[in-house]
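Read off the chains here:
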Amino acid sequence: MQINGQEYRSVWFENSRVKMIDQNKLPFAFEIREYSSYIEVAAAIREMIVRGAPAIGASGAYGLALAALSAPQDKFRAYLRSARDELISTRPTAVDLSIGVNYVYENTLKFIPDLDHARQVALLAANEFANRSAAECLELGIIGASLIQDGYRILTHCNAGALATVDHGTALAAIRQAHKQGKNIFVYVDETRPRFQGARLTAFELEQEGIPHAIITDAASGFYFWKNEIDMVITGSDRICLNGDIANKIGTYEKAVMARAHKVPFYVAAPVSTFDFGCEKGEDIMIEIRDEKELKFCGEIPVANPNSIALNPAFDITPAAYITGIITPKGIFEPAEASQKVQA
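Definitions and cut-offs
- Residues numbered from 1 in each chain as written.
- Predicted model: local features only at pLDDT ≥ 70, side-chain atom pairs only at ≥ 80, totals over all residues.
- Heavy atoms only, no water.
- Axes fitted to C-alpha atoms, helices over the stretch in contact; angles between N-to-C directions.
- Helix = DSSP H or I, 4+ residues; strand = E, 2+ residues; numbered from the N terminus.
- Parallel < 35°, antiparallel > 145°, perpendicular 65-115°, else oblique.
- Left-handed = near helix turned anticlockwise from the far one by under 90°.
- Contact = heavy atoms within 4.5 Å.
- Nonpolar A, V, L, I, M, F, W, Y, C, P; charged D, E, K, R; others polar.
- Expected span 1.5 Å × (residues − 1).
- Buried < 20%, exposed > 50% of the residue type's maximum accessible area, 1.4 Å probe, protein only.
- Pairing = 2+ DSSP bridges.
- Core = buried A, V, L, I, M, F, W, Y, C linked by side-chain atoms within 4.5 Å.
- Phe/Tyr/Trp six-rings, centres within 6.5 Å; stacked < 30°, edge-to-face > 60°.
- Lys NZ or Arg CZ within 6 Å of the ring centre and 35° of its normal.

S.K.: Would you explain the packing of helix α5 (residues 115-144) against helix α6 (residues 171-180) in this entry?
M.R.: Working note: a packed helix pair is described by the angle between its axes plus the distance between those axes. Contact geometry of α5 with α6 gives a least axis separation of 7 Å together with a crossing angle of 60 degrees. Taken as axis vectors, α5 and α6 run oblique relative to one another. Read as a crossing pair, α5 and α6 show a hand that is right-handed. Contact residues: C137, L138, L140, G141, I142 and G144 in α5; A173, A174 and Q177 in α6. Looking at the contact of α5 with α6 residue by residue, the classes come out as 6 nonpolar, 3 polar and no charged.

What follows is the structure, encoded as structure tokens:
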């Protein structure tokens, strides 16, 4: 991704450390954090310094590589298992996290008892997972751009850009490619309460690359549907089930319902690592419930009645019936067949 004219990834490994762009500081400050232990990486994921399903998948993979590099020889296997469990527990809804962590874990275990080799393999596997994720996002962006016609007005929700992945993005990967092709497009950016990932991060990415856009409140999307000023919706996903149901940032379901009511196509974009081949349907997904302070405060400023409780589900489920198609690096598929097609 381009930030201030330079190319960055959201997360990478350099000089024996995991490096991440601090997404809690954007767009008001650009800071790169460095971590030397899996415990620090787990805290960064939990605190949403890094967020977005593919990005936390790569972060978890690198976190486990750090664990392998520092694990004591006499307790290597137990240490690695403990690190795996700790990293996976940080964000329960996005499946990329467990896939990335387990990819490194399983490849590393193959080379025990040669621990020197196992440590090297852990880092190689983490880099392979991250690089593959970035390549898949680029490919799905090229494929997804074919759906975007010149003059389209596109609604997004949350941040499904390069910051949410290792690079390129999912929904924004298609938008980026359409813009590079010279198509005249405009993006409505849902603010995405309560953490404002749309208003802060999606808008930042679009502004950095000169893509026309405007921030709207989450509730304003209905107004623009009603005015027939939205031509398509593209979102990312945190988990895709075998039947085509998806989990994504809270508010995605209502966008899909409105899109269907107004006969506007609703697409989901995701790399293969977002597919959960062991999850049959949306009801089987664990939904992360986050701290009520995210709703009751904006930073340190109280914005709600202090004595009321607040309910803060981080994700919702969009049924396959409301999804026009799923954009993947292997093609665009009907929701019900997507899991089978990406494994072919």
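Let us keep going from here.
S.K.: Just to check I follow, could you spell out helix α2 (residues 53-70) for this structure?
M.R.: Residues separated by three or four positions in an α-helix point in the same direction, a consequence of the helix having 3.6 residues per turn. For α2, which comprises 18 residues, the first-to-last C-alpha distance of 26 Å matches the rise-based estimate of 26 Å (1.5 Å per residue) to within 8%. By the criterion of burial, α2 is predominantly enclosed, with 16 of the 18 residues buried.

S.K.: Teacher, can you tell me more about the pairing of strand β4 (residues 17-21) here?
M.R.: A regular strand places its side chains on the two faces of the sheet in alternate fashion. Of all 5 residues in β4, 4 are buried; the element is thus mostly enclosed. In this structure, strand β3 (residues 11-14) lies alongside β4, joined through 4 bridges in antiparallel fashion. Bridge pairing in β4 places W12 opposite K19. The loop that links β3 with its antiparallel partner β4 comprises 2 residues; one of these, N15, has a positive phi angle of about 55 degrees. With 4 bridges joining them, β4 and strand β5 (residues 32-35) adopt antiparallel strand pairing. Among the inter-strand pairings, K19 is bridged to a residue of β5, identified as E34.

S.K.: Sorry if this is basic, but what is going on with the packing of helix α3 (residues 76-88) against helix α4 (residues 95-109) here?
M.R.: Here α3 crosses α4 at 170 degrees, and the two axes come no closer than 9 Å. Taken together, the axis directions place α3 and α4 in an arrangement best described as roughly antiparallel. Where α3 abuts α4, its residues F76, R77, L80, R81, R84, L87 and I88 lie against L97, S98, V101, N102, Y105, T108 and L109.

S.K.: Help me understand the sheet that holds β3 in this model?
M.R.: Two orientations exist for strands paired in a sheet by backbone hydrogen bonds: parallel and antiparallel. Taking strand neighbours across the sheet as the criterion, the 3 strands line up as β3-β4-β5 in an open arrangement whose pairing is antiparallel. Both edges of this open sheet fall to β3 and β5, since each of them pairs with a single strand only. Within this sheet the neighbouring strands show an average axis-to-axis angle of 30 degrees, counted without direction.

S.K.: I keep staring at the nonpolar core and nothing clicks. Help me out?
M.R.: Within soluble globular proteins, side chains that are nonpolar tend to cluster in buried spots. By size, the foremost hydrophobic cluster in this structure holds 43 residues, and its most contacted members are V18, M20, V41, L64, L80 and L87. Of all the secondary-structure elements, those providing two or more residues to this core are β3, β4, α1 (38-46), α2, α3, α4 and α5. Examining the composition of this core, we find that 11 residues originate from one element, α2, more than from any other. With 23 residues, the next largest nonpolar core counts I148, A160, L172 and I175 among its residues.

S.K.: What's the story with the packing of aromatic side chains in this structure? I'm lost.
M.R.: Centre distance and the angle of the planes are the two values used to describe a pair of aromatic rings. As enumerated under the stated definition, the model contains 10 aromatic pairs in all. Relative to Y79, the ring of Y38 lies with its centre 5.7 Å away and its plane at 90 degrees, an arrangement referred to as edge-to-face. Note that Y38 is positioned in helix α1 and Y79 in helix α3, a separation of 41 residues in sequence. Classification of Y79 as partly exposed rests on a relative accessible area of 28%. Look at F275 and F277: their rings are 6.1 Å apart centre to centre, the planes differ by 15 degrees, and that puts the pair in the stacked class. Members of the aromatic cluster, connected to one another through ring pairs, are F186, Y188, F223, Y224 and W226. One cation-aromatic arrangement involves K249 over F315; the distance from NZ or CZ to the ring centre is 4.7 Å. Over the ring of Y322 we find R260, and its NZ or CZ is 4.8 Å from the ring centre.

S.K.: Even after reading the chapter, I still don't get the sheet that holds strand β16 (residues 325-328), so can you show me in this structure?
M.R.: The 7 strands lie next to each other as β8-β7-β6-β9-β12-β16-β17, forming an open sheet whose pairing is mixed. The open sheet has two free edges, formed respectively by β8 (213-216) and β17 (331-333), since each of these has just one partner strand. Taking each pair of neighbouring strands and ignoring which way they run, the sheet shows an average axis angle of 25 degrees. Note that β16 and β17 share 3 bridges and pair antiparallel. Bridge assignment links I327 to a residue of β17, and that residue is I332.

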